[in-house]
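Topology and contacts: notes
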Amino acid sequence: MAKDLKSASTSMITRRCALLGIGIALTAPTILGRARIARASNSLPELKTVTPGKLTIAMNGDMPMTSVKDGQIIGSDGEMISLIAKELGLEPEPALMDWSATIESVRGGRADVMLGNMGWTMQRSQVLALTDPIYYTGKFTLMRKDAPVGDRLTLEDMKGRSLGTVTGFTIVPELKKVPEAKEIKLYDTTDACVRDIRAGRLDYGFLDTPTVGYMVQQNPDWDLKLIPTESYPQFKVLGQKQITLMGMNPQNLDLFDAVNAGIAWLWRTGANAHFLKKYGMDNPDYLVPSTNNPRVGVDRDEKGQIIGAWAHEVKDFSGVFTRNPI
């Protein structure tokens, strides 16, 4: 049976069931209660979110990073943010949408955070508060198996060829600068881009490596392959390793600080590696940063401290993240 690229249900998550019996409430403090106790003991502020008590998460549902199944957020990135949310006493609430809508959803106050192999760019750092990395993604290009390409896709290979990606993806501005490309096609979804490659209407797709890697693995009869993309000094995204992170509203820096503390906890406990491996991204390269950090001098300094448009006195939420989650 053909596999659905987005097999997870997009139905809304049901509200949590009420606690049964007053004895449970008295003897087992809720996650929210634990988080409030932790914040109170450290003189930390209550967290404001779009919907009180919930963390609204904007995502496009591309596996293996994000999706919804049986009312729960799944995927590597989805489980990371869900774990952080619950530790902060917040219920993860998915908001599924096209990728191009996620940034405006967060900026417009309709979602608290966006994620799903989201890459750092200078432009994004000016409109969103971008968290510390959760992992790092290498750059591969999707094409048909019979495409005449060597071990790496080069600029020469791209001459006279059609290049495609999803509207709003990090690589869009640079694809438009590839010399002598036949045309640049932008798609609303990853699915639509992949269909055109399979049908021969598109030569090369520049998409999220984890997503298409998962798809190729699950659908060998599609006759597709992933080839590493050569890096060039004139390009900052094409062929370069991506810093993968989360985007948040800069008007809510307390929540940003809390999530960043949770990300540090993921690294400290190895929980990010655990979720990557769970969803097939077990190559240790996902945990190795690129040799050149483009954030330095833009939104981080050499020591990783926040600078730039959203520089502020960071509140310490580390007291909330003390247990071993895995």
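Residues numbered from 1 in each chain as written. Predicted model: local features only at pLDDT ≥ 70, side-chain atom pairs only at ≥ 80, totals over all residues. Heavy atoms only, no water.

Focus on the pairing of strand β9 (residues 162-166)
What counts is decided by this rule: Under the scheme applied here, a residue whose accessible area is under 20% of the maximum for its type counts as buried, over 50% as exposed, and between as partly exposed, the area being computed with a 1.4 Å probe on protein chains only. Segments assigned H or I by DSSP are reported as helices when at least four residues long, segments assigned E as strands when at least two residues long, and all are numbered from the N terminus. Only strands that DSSP links by at least two bridges are regarded as paired with each other.
Of all five residues that make up β9, five are buried, and the element is covered over most of its length. Side chains of β9 alternate between two faces, with Ser-162, Gly-164 and Val-166 and Leu-163 and Thr-165 buried alike. Pairing geometry for β9 and strand β11 (residues 204-205), over two bridges, is parallel. Bridging across to β11, Leu-163 finds its partner in Tyr-204.

Observations concerning the pattern of salt bridges
Put simply, the rule reads: The term salt bridge refers to a pairing of a side-chain nitrogen on Lys or Arg with a carboxyl oxygen on Asp or Glu at a separation within 4 Å.
Tallying each qualifying case throughout the model produces 17 salt bridges. Glu-93 is the partner of Lys-54 in a salt bridge, and the nearest nitrogen-oxygen pair spans 3.7 Å. Remark: Glu-93 occurs in strand β4 (residues 91-96) and Lys-54 occurs in strand β1 (residues 54-59); sequence separation between them is 39 residues. You can call Lys-54 buried: its relative accessible area is 10%. Given the relative accessible area of 12%, Glu-93 is considered buried. Across the pair Asp-196 and Arg-201 runs a salt bridge whose closest N-O atoms are separated by 2.7 Å. Overall, the relative accessible area of 12% leaves Asp-196 in the buried class. Take Arg-201: its relative accessible area is 48%, and that puts it in the partly exposed class. A single salt-bridge network, built from bridges that share partners, covers Asp-132, Arg-295, Asp-299 and Arg-300.

Side note on the packing of helix α3 (residues 76-87) against helix α10 (residues 253-269)
Our working definition: Think of each axis as a best-fit line through the C-alpha atoms, taken over the contacting stretch in the case of a helix, with angles from 0 to 180 degrees between the N-to-C directions. Should the near helix be turned anticlockwise from the far one by less than a right angle, the crossing is left-handed, and should it be turned clockwise, the crossing is right-handed. Any two residues whose heavy atoms approach within 4.5 Å are treated as being in contact. Gly is put with the polar residues, along with every residue not named as nonpolar or charged; the nonpolar set is Ala, Val, Leu, Ile, Met, Phe, Trp, Tyr, Cys and Pro, and the charged set is Asp, Glu, Lys and Arg.
Look at α3 against α10: their axes get within 10 Å of each other, and the N-to-C directions meet at 120°. In terms of crossing hand, the pair formed by α3 and α10 is right-handed. Counted together, Met-80, Ile-81, Leu-83, Ile-84 and Glu-87 of α3 and Val-259, Gly-262, Ile-263, Trp-265 and Leu-266 of α10 form the full contact between these two elements. Of the residues in the contact of α3 with α10, the class split is eight nonpolar, one polar and one charged.

Focus on the nonpolar core
Note the following rule: Note on terminology: a nonpolar core comprises buried Ala, Val, Leu, Ile, Met, Phe, Trp, Tyr and Cys residues joined through side-chain atoms within 4.5 Å.
Within the largest apolar cluster, 38 residues are counted, with the highest numbers of intra-cluster contacts made by Leu-55, Ile-57, Ile-81, Leu-88 and Met-246. For this core, the element with the highest residue contribution is α10, accounting for eight residues. Among residues more than four places away in sequence, those in contact with Ile-81 are Leu-55, Ile-57, Val-113, Leu-115, Met-246 and Val-259. Of all hydrophobic cores here, the second largest spans 29 residues; its members include Leu-130, Leu-142, Ile-197 and Leu-224.

Take it as geometry only, folks, not as evidence of what the structure does.
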